[in-house]
Amino acid sequence: MFENDQDTVDVLLSNSDEFRRLYDKHTALKTQVKDANGGVISMEQLALEELKKEKLYLKDQMATMIKNYHSVHA
């Protein structure tokens, strides 16, 4: 997800309950989207699109937290 910044992700996962919550939720949604796209689970297209939007929203929130971490610890 944030392969270029794994060190920061690891720090935030260890030190931020909020980041951990977002990360865990994003990971769960990523699995659901993958399973729906692969036909492992059945899901209406509208529901799948909503999951994708939520996943992207969570990723954006984590990206903001990473950016804020860098601005404080640069």
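In the block above lies the structure referred to throughout.
These numbers come from a predicted model, not from an experiment.

(A) Seen up close, helix α2 (residues 17-37). The first and last C-alpha atoms of α2 sit 30 Å apart over 21 residues, in line with the 30 Å expected at 1.5 Å per residue. Residues of α2 that are buried include every one of Phe19, Leu22, His26, Leu29, Val33 and Ala36, and no others. Looking straight down α2, one finds its buried side chains confined to an arc of 115°; they lie on one side. Within α2, the exposed residues directed more than 90 degrees away from the buried face are Asp17 and Lys34. Tucked inside the fold, the buried residues of α2 contact α1 (6-15) and α3 (45-72). Once α2 finishes, glycine 39 follows within two positions and takes phi at roughly 80°, a positive value.

(B) A look at the environment of serine 14. Mapped onto the elements of the fold, serine 14 is located in helix α1. For serine 14, the side chain forms a polar contact with the main-chain oxygen of aspartate 10, separated by 3.1 Å.

The rules we used
Within each chain, residue numbers correspond to sequence positions counted from 1 in written order. A pLDDT threshold of at least 70 governs which residues receive local features in this predicted model, and a stricter bar of 80 or more applies before side-chain atom pairs are shown or counted, although totals over entire chains, interfaces and linings include all residues. Excluded from the side-chain calculation are hydrogens and water; included are all heavy atoms of the structure. The secondary structure listing takes helices from DSSP runs of H or I that are at least 4 residues long and strands from runs of E that are at least 2 residues long, numbered from the N terminus. A helix is expected to span 1.5 Å for every residue after the first. Under the scheme applied here, a residue whose accessible area is under 20% of the maximum for its type counts as buried, over 50% as exposed, and between as partly exposed, the area being computed with a 1.4 Å probe on protein chains only. The directions from the helix axis to the C-beta atoms form the arc being described. By definition, residues are in contact when any of their heavy atoms lie within 4.5 Å. Distance and chemistry together define a polar contact, namely a pair of N or O atoms within 3.5 Å, with one atom able to donate a hydrogen and the other to accept it when in protein, and with adjacent residues in sequence counting only for side-chain atoms on both sides.

Keep in mind that these numbers describe shape and distance, not what the molecule does.
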